[in-house]
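What the coordinates show
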Amino acid sequence: MAAGLDGMDLTAGPDALEGFLPVRRELVGLAYRMTGSYATAEDIAQEAFLRWQAADRAAVAVPRAWLLKATARLSLDHLKSARHRREAYVGPWLPEPLPDDAEAPQLAAASRAEDLSVAFLLTLQRLSPAERAVFILHDLFETPFAEIAALLHRTEAGCRKLAERARAHLAAAAPRQSVGEAEAERITRAFLAAARGGDEAALAALLAQDVVLHTDGGGVRPAARNLILGAAKVGRFFAGLARKHVPGALLHMGRINRLPGFVTLEADGLPQSTALEIREGRITAIYIVRNPEKLGAVSALMPGGGAASPR
């Protein structure tokens, strides 16, 4: 069989592809928001296509709605199977980082494109799977509550309550403030230089007093096992790293999940992603991802576009 576009059978019939291809990025975006993993989201979108291929498509009035619900169900099934792995995760868990580009799944829900920031994704992950599914399907992808109720085997009123709870949790999270490109680059470059040089005084001038450092190594690469809180402790952390390790080579500077950030190539030959939450000119959160299983998207920025690990 002829294959292409992530292994899809291109001889399956033009109607299957015509229904699927226009919404593929939306499906990846939905699954990414549900799972926090871009690699998993791509796999889920592929599985949704296989189910779409096998379905009685002539009986489907709105292919997009059918595919969104199929993707949501597959995402929920994945979360059930992955729950024990998340509970056993070593150290802080962060979503898979995505450098912003024209193909990023955040463009799939254009009206809420800003909601791919790491802080927002982390808040989503704190919701129950059902709350997450209802909020994403209804508020981000405009799926009617009646259709979501059928998918989740709940009442429409119950789904409305789940959406209300999800919105309340998300509203309680610290609101994200947009940072202009010039300021974002200035602060990001200053932070990179201070962290590489272990300059605690320079770091103190950049960090908010209540800054939080998240480092996700997944137990595979060295990383802090707990969150590091406060400007003084975070400054000492980077100063210690600078004394012990050769700074990584800069591969990319730009937006990562809509946040200012950069990707470096570390001494072990693997990339590392760093994203910064900035408010009122100070860094309030630092998100560093070192787990090789989560660096597939950023590994494309390496010389030759090599992958950090097999997907």
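The shown structure was predicted, so the numbers you read here are calculated from the model rather than taken from an experiment. (Residues numbered from 1 in each chain as written. Predicted model: local features only at pLDDT ≥ 70, side-chain atom pairs only at ≥ 80, totals over all residues. Heavy atoms only, no water.)

1. Points about the pairing of strand β8 (residues 282-289)
Side chains on a regular strand alternate between the two faces of the sheet. Stated precisely, the cut-off is as follows: Exposure is judged per residue with a 1.4 Å probe applied to protein chains only, and the accessible area is read against the type maximum: over 50% gives exposed, under 20% gives buried, and values in between give partly exposed. Note on conventions: DSSP H or I runs of at least 4 residues are helices, E runs of at least 2 residues are strands, and numbering of each starts at the N terminus. A pair of strands is considered paired only if DSSP assigns at least 2 bridges between the two.
A large share of β8 lies buried, amounting to seven of its eight residues. As judged from the six bridges shared by strand β3 (residues 207-216) and β8, these two strands associate in the parallel manner. Within β8, the residue paired with His214 across the bridge is Tyr287. In the sheet, strand β7 (residues 271-279) pairs with β8 via seven bridges, with the strands oriented antiparallel. From the neighbouring strand, Arg279 faces β8, where its bridge partner is Arg282. Adjacent in sequence and paired antiparallel, β7 and β8 are bridged by two residues, among which Glu280 carries a positive phi angle near 50°.

2. Notes on the sheet that holds β3
Note the following rule: Contacts are residue-level and defined by heavy atoms, with any inter-residue pair within 4.5 Å sufficient. Angular values range over 0 to 180 degrees, each being the angle between N-to-C directions of two axes fitted as lines to C-alpha atoms, with helices fitted over their stretch in contact.
An order of β4-β3-β8-β7-β6-β5 is seen for the six strands of this open sheet, with the pairing classed as mixed. Two strands bound the open sheet, and with one partner strand each, they are β4 (228-229) and β5 (249-256). Pairing geometry for strand β6 (residues 259-265) and β7, over five bridges, is antiparallel. Bridged to Val263 within β7 is Ser273. Relative to the sheet, helix α9 (residues 181-197) contacts β3, β5, β6, β7 and β8, its axis offset from that of β5 by approximately 145°. Docked against the sheet, helix α11 (residues 231-244) engages β3, β4 and β8, running at close to 50° with respect to β3.

3. A word on the nonpolar core
Stated precisely, the cut-off is as follows: Among the buried residues, those of types Ala, Val, Leu, Ile, Met, Phe, Trp, Tyr and Cys that are joined through side-chain atoms within 4.5 Å form a nonpolar core.
By size, the foremost hydrophobic cluster in this structure holds 49 residues, and its most contacted members are Leu30, Leu124, Val134, Phe135 and Ile136. Taken together, the elements giving at least two residues each to this core come down to α1 (14-20), α2 (24-35), α3 (38-54), α4 (63-87), α5 (118-126), α6 (129-140), α7 (145-152) and α8 (156-172). One finds Ala184, Ala194, Leu206 and Ile278 within the second-largest nonpolar core, a separate group that totals 23 residues.

4. Looking at the confidence of the model for the protein chain
Detailed reading of the predicted model is not advised wherever pLDDT is low. Put simply, the test is: Residue-level confidence of the predictor is what pLDDT reports, using numbers from 0 through 100.
For the protein chain, the average pLDDT comes to 87, and 86% of its residues sit at 70 or higher. The low-confidence segment residues 106-111, where pLDDT is below 50, has 16 contacts with residues more than four positions distant or belonging to other chains.

5. Details of α3
To keep things clear, this is the line we draw: Between the first and last residue of a helix there are one fewer steps than residues, each counted as 1.5 Å, and that sum is the expected span.
Taking 1.5 Å as the rise per residue, α3 with 17 residues should run 24 Å; its terminal C-alpha atoms sit 25 Å apart, in good agreement. Residues Tyr38, Ala39, Thr40, Ala41, Ile44, Ala45, Gln46, Ala48, Phe49 and Trp52 constitute the buried set of α3.

6. Notes on the packing of aromatic side chains
For clarity, the threshold we go by: Two rings from Phe, Tyr or Trp (for Trp, the six-membered ring) form a pair when their centres are within 6.5 Å of each other. A pair whose planes differ by under 30 degrees is stacked, one over 60 is edge-to-face, and the rest are tilted.
Applying the stated rule across the entire model yields seven aromatic pairs. Look at Phe237 and Phe238: their rings are 5.4 Å apart centre to centre, the planes differ by 85°, and that puts the pair in the edge-to-face class. Relative accessible area serves as the criterion here: at 23%, Phe237 is assigned to the partly exposed category. Following the ring pairs from residue to residue traces out a cluster consisting of Phe191, Phe237, Phe238 and Phe262.

7. Some details on the environment of Leu152
Following the sequence through the fold, Leu152 ends up in helix α7. Classification of Leu152 as buried rests on a relative accessible area of 12%. C-alpha separation for the pair Leu152 and Arg73, spaced 79 residues apart in sequence, amounts to 8.2 Å. With residues near it in sequence (within four places) discarded, Leu152 still touches Arg73, Leu76, Ala130, Val134 and Cys159.

8. Considerations on the pattern of salt bridges
Definition in use: Between Lys or Arg on one side and Asp or Glu on the other, a salt bridge is scored when a side-chain nitrogen of the former is within 4 Å of a carboxyl oxygen of the latter.
With the rule as written, the count across this model stands at 13 salt bridges. In this structure, the salt-bridge partner of Glu156 is Arg160, at a minimum N-O distance of 3.4 Å. Of this pair, Glu156 and Arg160 both sit in helix α8, four residues apart, which is roughly one turn of that helix. The exposure class assigned to Arg160 is partly exposed, which follows from its relative accessible area of 40%.

9. Digging into the pairing of β3
A large share of β3 lies buried, amounting to eight of its 10 residues. Here β3 runs beside β4; their pairing, made up of two bridges, is antiparallel. Of the residues in β4, the one forming a bridge with Val212 is Leu229.

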